[in-house]
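# Summary of structural features
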Amino acid sequence: MTQDIAKRPEPKPGILQIEAYVPGKSRAKGAKVHKLSSNESPLGASPAAREAYSAAASSLERYPDGGATALRAAIAAKYGLAEDRIVCGAGSDEVLQLLAHAYLGPGDEAVYSQYGFLVYPIAIAANGAKAVVAPEKSFQTDVDALLACVTARTKIVFLANPNNPTGTYIPFSEVKRLHQGLPPHVLLVLDAAYAEFVRNNDYESGIALVSDSENVVMTRTFSKIHGLAALRLGWAYGPAHVIDVMNRIRGPFNVSAPALAAGVAAIRDTAFMDKALAHNDNWLNWLTTEISALGIAVTPSVGNFLLLHFNEKKTAPAADAHLQEHGIVVRRMESYGLPSALRLSIGDEEANRAVVAALKSFMAGA
Ligand SMILES: *Cc1c(COP(=O)(O)O)cnc(C)c1O
């Protein structure tokens, strides 16, 4: 019997089917560039976090605390959680990858929503599992569609709530209905990267559901409202058995010491978080109103970004080119199957006013 022997090292099945994640562009013409392509914080990081980060420079020869003890304690104190049910990671990306790595393999399936975050298909394929995509209605997660995708082979359901890039969310009652419809062997991953921005009374990040279940994990990030995207810091809150699994497979020092130090300071700086939230509320509303008034359809968002819809006459690529001419970088949405949409992050006042002025001249045909 002859066996096919590869002529060079071959990766595991699934990996070469992955379309590598394309981060938001950071360049455009003009001296002043407004980067509104990656949902970064227009206020930067808390001064206390920056100070803690700088102070960490005096002991770069030391390994970080692999147990992230101080950060877990700070997170636990803020949200009233048990410290030993928290695990920290290099961004919530790493946390999501750890979950996929631990629970998905060849023959398994993982479900997510049509316009769900693109990290999910990458994490699923990287582990040789099959991605099953549930259709959305009006750019909104459809719980019944998700449940209809679940089979005996399903191991994970990924739900970004609020979702990126749509900016929409489903009420907690719907999240609970989704959970109730899942068999106990399915892990429900609630990606709450934008939870801090949501004001709506019917929204919850999922803490209560995690506390009461054996198959729900919530992931959070320091990249968005805390403005620490450069440091790569995120965390998960889950049942003890899931946290145990994640701790077994993560790198022993997966979060750097400067990130841990900055994270502790950031999560304690409530005043700064309040400021970031007020800024977002104010400008999210203003941009939604102003851009809608130009005749551009805007999906109502509860995040720190907006999804804008163009048409055949005034196309998204043409709008993108026009914005770039004016020093504004936004995110193209072809990779999400939304070629006529652009995603715009909420910027500082100058950026937001520049966006509206540029979209106005674009729609006027100038
Ligand atoms: C930005 C974002 C994250 C956070 O990623 P990090 O790796 O923590 O920077 C997670 N999920 C969604 C849906 C996001 O948009």
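A brief report on the enclosed structure follows. Quantities reported herein were computed from a predicted structural model and do not represent experimental measurements.

### Observations concerning the sheet that holds strand S7 (residues 216-221)
What the 7 strands build is an open sheet, ordered S2-S8-S7-S6-S5-S3-S4; its pairing is mixed. Bordering the open sheet on either side are strand S2 (86-89) and strand S4 (130-134), each of which pairs with just one other strand. Taking the axes of each pair of neighbouring strands and ignoring which way they run, one obtains an average angle of 20° across the sheet. Where strand S6 (residues 187-191) lies against S7, 4 bridges are found, and the strand directions are parallel. Looking at S7, one finds that Leu190 is bridged to Met218. Relative to the sheet, helix H6 (residues 172-181) contacts strand S5 (154-160), S6 and S7, its axis offset from that of S6 by approximately 160°. The strands touched by helix H8 (residues 240-249) are S2, S6, S7 and strand S8 (234-237); relative to S2, the strand with the most contacts, the crossing angle is about 30°.

### A closer look at the packing of aromatic side chains
The description of two aromatic rings rests on the distance between their centres and on the angle between their planes. For the coordinates displayed, the defined rule picks out 11 aromatic pairs. With a centroid separation of 4.8 Å and 5° between ring planes, the pair formed by Tyr120 and Phe158 is classed as stacked. In this pair, Tyr120 sits in helix H4 (residues 119-126) while Phe158 sits in strand S5, placing the two residues 38 residues apart along the sequence. Neither residue differs from the other here; Tyr120 and Phe158 are each classed as buried. Here the aromatic residues Tyr21, Tyr112, Phe117, Tyr120 and Phe158 are joined through ring pairs into a cluster of three or more. For the cation-ring pair, Arg353 lies above Trp286, with the distance from its terminal atom to the ring centre recorded as 5.2 Å.

### Re the site of the ligand
Taken together, Gly91, Ser92, Asp93, Phe117, Asn164, Asp191, Ala193, Tyr194, Thr221, Ser223, Lys224 and Arg232 make up the full set of residues near the ligand. Between Tyr194 and the ligand, the recorded distance is 2.6 Å, taken from a side-chain N or O atom to an oxygen atom. In this structure, Thr221 approaches the ligand through a side-chain N or O atom, which is 2.5 Å from an oxygen atom. Notes on the ligand: free accessible area 390 Å², of which the protein chains cover 94%. If one sorts the elements of the shell around the ligand by residue count, helix H3 (residues 91-103) sits on top with 3 residues. Partitioned by chemical class, the residues of the shell around the ligand number 3 nonpolar, 5 polar and 4 charged.

### Examining the packing of H3 against H8
With their axes 10 Å apart at the nearest point, H3 and H8 run at an angle of 95° to one another. As judged from the angle between their axes, H3 and H8 are roughly perpendicular. Packed against H3, whose contacting residues are Val95, Leu98, Leu99, His101, Ala102 and Tyr103, the element H8 presents His241, Val242, Val245, Met246 and Ile249 at the interface. Among the residues forming the contact of H3 with H8, the class breakdown is 9 nonpolar, 2 polar and no charged.

### Topic: the packing of helix H11 (residues 316-325) against helix H12 (residues 349-363)
Their axes nearest at 10 Å, the elements H11 and H12 cross at an angle of 130°. For the element pair H11 / H12, the angle class is oblique. Note on packing geometry: the crossing formed by H11 with H12 is right-handed. Every residue of H12 that contacts H11 at Ala318, Ala319, His322 and Leu323 is listed here: Val355, Ala358, Leu359, Ser361 and Phe362. In terms of residue class, the contact of H11 with H12 is built from 7 nonpolar, 2 polar and no charged.

### Notes on the sheet that holds strand S13 (residues 341-345)
In space, the 4 strands of this open sheet follow the order S9-S10-S13-S12, with antiparallel pairing throughout. Taken across any chain shown, the strands that pair with only one partner, and hence form the sheet edges, are strand S9 (297-299) and strand S12 (331-332). Where S12 lies against S13, 2 bridges are found, and the strand directions are antiparallel. Pairing of Arg331 across the sheet is with Arg343, part of S13. Against the sheet, H11 touches S12 and S13, its axis set at about 35° to S13.

What counts as what
- Residues numbered from 1 in each chain as written.
- Predicted model: local features only at pLDDT ≥ 70, side-chain atom pairs only at ≥ 80, totals over all residues.
- Heavy atoms only, no water.
- Pairing = 2+ DSSP bridges.
- Helix = DSSP H or I, 4+ residues; strand = E, 2+ residues; numbered from the N terminus.
- Axes fitted to C-alpha atoms, helices over the stretch in contact; angles between N-to-C directions.
- Contact = heavy atoms within 4.5 Å.
- Phe/Tyr/Trp six-rings, centres within 6.5 Å; stacked < 30°, edge-to-face > 60°.
- Buried < 20%, exposed > 50% of the residue type's maximum accessible area, 1.4 Å probe, protein only.
- Lys NZ or Arg CZ within 6 Å of the ring centre and 35° of its normal.
- Near = heavy atom within 4 Å.
- Polar contact = N/O pair within 3.5 Å; in protein donor to acceptor, adjacent residues only side chain to side chain.
- Areas by Shrake-Rupley, 256 points an atom, 1.4 Å probe, with all protein chains shown as cover.
- Nonpolar A, V, L, I, M, F, W, Y, C, P; charged D, E, K, R; others polar.
- Parallel < 35°, antiparallel > 145°, perpendicular 65-115°, else oblique.
- Left-handed = near helix turned anticlockwise from the far one by under 90°.

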